[in-house]
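Residue strings, one per chain:
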Amino acid sequence: MAGTIEKNYAEKVIEEIIEGMPEKTQKDRKKHFKVVGSDTESCNITSNRKSRPGVMTIRGCAYAGSKGVVWGPVKDMLHISHGPVGCGQYSWGTRRNYATGTLGVDNFTVFQITSDYQEKDIVFGADKKLSTMIDEIETMFPLNRGVSIQSECPIGLIGEDIEAVARTKSEETGKPVVPVRCEGFRGVSQSLGHHIANDALRDWIYEKQLGTPEVEDSPYNIALIGDYNIGGDAWGSRKILEEMGLKVISQGTGDSTVAELKNVSRSKLVLLHCYRSMNYIARYLEEIYKVPWMEFNFFGPTQIIKSMRAIAAHFDKKVQKRTEKLIAEKYQPYFDEITARFRPRVEGKSVMLYVGGLRPRHVMPVFEDLGMPATITGYEFAHGDDYQRTLEYVKNTTVLVDDLNEYEMERLIEKLRPDLVGSGIKEKYQCQKSGIPFRQMHSWDYSGPYHGIEGYAIFARDIDMAVNGPIWKMLTPPWEKAASE
Ligand code: SF4
């Protein structure tokens, strides 16, 4: 197949890359690479371990996983970045978790709220400051539906009792005040931040039962979770589900409210898009509220249609018939039109992916819908179960890499020359300077949505634009070109 790589060659390249590192690092990094194929049943790659010091890992921290990913998008709460000013400032408005509402009135997603720790706070603690902040929040933003306290590194180190402040303030305001122990030194990546954030949701929203959900019972009630509405993704997904005849009573945490978080327990089925970041709460909801959950994938025609059928199978014949009609009369013809337009322009080009905990596998099929095989894919913070799930998507020889660092990235693109790289902002300019087309696979390069029906059209257009951009023909100055001819 055009654009694919040879297994032996890929293994040789990995060996060469690893040889360029210090001995101890070589021993460790070796375990984080595997070359797999469609017949690989288990890859046993090492994952979810500490990064080697000094290698320029691409990972973030637990605060990023909790505040940046899980809690930050809940729009009618104010999320205090508790600690010095940096973490909140750098994560201010950088993740495109879209939300409706009036900013500063009932939508606070683009605010940077920080306790701005000073030296005296480190020495004496800042619990009083935190209490005052919550009082100020109540005065300035009366329509808020709660507050979360997102701990930055120093909080755990100085032993501040944020839980005591949360309990007192929650009693006073009658709203959830959620203390989250997501200090950046915990765990090895964003991943533990997800888990801690999910547990805070369990302990301080569900178990506290601060106000019960008020939503009409219906056999078609569903909850859509683990979708952060990047560039409007969750809205694209929601549209499909509603057209199928289902009622989305909760969407989370992208564009969600406190009320919607509570509503999840009243759904008949929990649909989980990002398994890595929210499987913990899905398991809890199943155990306590007996609501089943299932994973699905709304990237591109193949997976959308497959997922729609799998979701419909949980409901009655009415929903199933409606879903089939929708696919046959509306979605499939639309998808075919998009594929016919863009596939001939990008077919046979290979892709390297390196993203967080879900997309390195979830977007592989949408690239295949356009005839683009993934030859390299890897995660910043996936666990063994994510790698196992990745194997279900592998169609050709693929290099799997865990916790890639910038040196390895540079060497991989130099040796295996993918035709497109899909990764993050820290990788973008390095790839482009190497002459390789690049699309940001976290922020969608300020485009999107990529989930759902129209999402496919936007995705296909963006990939075409990146791969076939005229700029790639202009990298060598004409006088150098002439000299080499
Ligand atoms: S590691 Fe600590 S200081 Fe750095 S961003 Fe995370 S919480 Fe903030």
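Residues numbered from 1 in each chain as written. Predicted model: local features only at pLDDT ≥ 70, side-chain atom pairs only at ≥ 80, totals over all residues. Heavy atoms only, no water.

**Details of helix 9 (residues 190-206)**
What counts is decided by this rule: In this description a helix means any DSSP run of H or I spanning at least four residues, a strand means any run of E spanning at least two, and both kinds are numbered starting from the N terminus. Given the number of residues in a helix, its expected span is that number minus one, multiplied by 1.5 Å. Between buried and exposed lies partly exposed: a residue is buried under 20% and exposed over 50% of the maximum accessible area for its type, with that area taken using a 1.4 Å probe on protein chains only. Contacts are residue-level and defined by heavy atoms, with any inter-residue pair within 4.5 Å sufficient. Think of a polar contact as two N or O atoms within 3.5 Å of one another; within protein, one of them needs to be a possible hydrogen donor and the other a possible acceptor, and neighboring residues in sequence only count if both atoms come from side chains.
For helix 9, with 17 residues, the first-to-last C-alpha span of 23 Å sits near the 24 Å given by 1.5 Å per residue. Burial of helix 9 is extensive: 12 of the 17 residues sit out of reach of the surface. For helix 9, the complete set of buried residues consists of Q190, S191, G193, H194, I196, A197, N198, A200, L201, W204, I205 and Y206. For helix 9, the elements touching its buried residues are helix 3 (62-71), helix 8 (162-173), strand 5 (177-180), helix 11 (258-263) and helix 12 (275-289). You can read the cap of helix 9 off the contacts: a side-chain oxygen lies 3.1 Å from the backbone nitrogen of S191, and it is on S189.

**Some thoughts on the packing of helix 13 (residues 300-312) against helix 14 (residues 317-346)**
Let me state the cut-off plainly: Here the axes come from fitting lines to C-alpha atoms, over the contacting stretch only for helices, and the angles between their N-to-C directions go from 0 to 180 degrees. Working definition: roughly parallel below 35 degrees, roughly antiparallel above 145 degrees, roughly perpendicular at 65 to 115 degrees, and oblique for all remaining angles.
For the pair helix 13 and helix 14, interaxial distance at closest approach is 10 Å and the crossing angle is 170°. Between helix 13 and helix 14, the angle falls in the class roughly antiparallel. Only V319, Q320, T323, E324, L326, I327, Y331, Q332 and F335 of helix 14 make contact with helix 13, whose side of the interface consists of P301, I304, I305, M308, R309 and A312.

**Re helix 8**
Selection rule: In this description, the arc belongs to the directions extending from the helix axis to the C-beta atoms.
Here helix 8 spans 16 Å end to end across 12 residues, near enough to the 16 Å set by a 1.5 Å rise per residue. Those residues of helix 8 not exposed but buried are I162, E163, V165, A166, K169 and S170. With its buried residues spanning 155° around the axis, helix 8 presents them on a single face. Exposed side of helix 8, more than 90 degrees from the buried face: E171 and E172 are the residues found there. Contacts from the buried residues of helix 8 go to strand 2 (78-82), helix 6 (127-140), strand 4 (147-151), helix 7 (153-158), strand 5 and helix 9. G174 occupies a position one or two residues after helix 8 and carries a positive phi of about 75°.

**Some words on the site of the ligand**
Basically, it comes down to this: One heavy atom within 4 Å of a molecule or strand makes the whole residue count as near it. Think of it as three bins: nonpolar holds Ala, Val, Leu, Ile, Met, Phe, Trp, Tyr, Cys and Pro, charged holds Asp, Glu, Lys and Arg, and polar takes everything else, Gly as well.
The immediate surroundings of the ligand are formed by C61, Y63, C87, E152, C153 and G184. Of the residues belonging to the shell around the ligand, the class tally is four nonpolar, one polar and one charged.

**Notes on the environment of I311**
With respect to the helices and strands, I311 occurs in helix 13. Among residues more than four places away in sequence, those in contact with I311 are L241, M244, L246, L269, L271, M294, F296 and F298.

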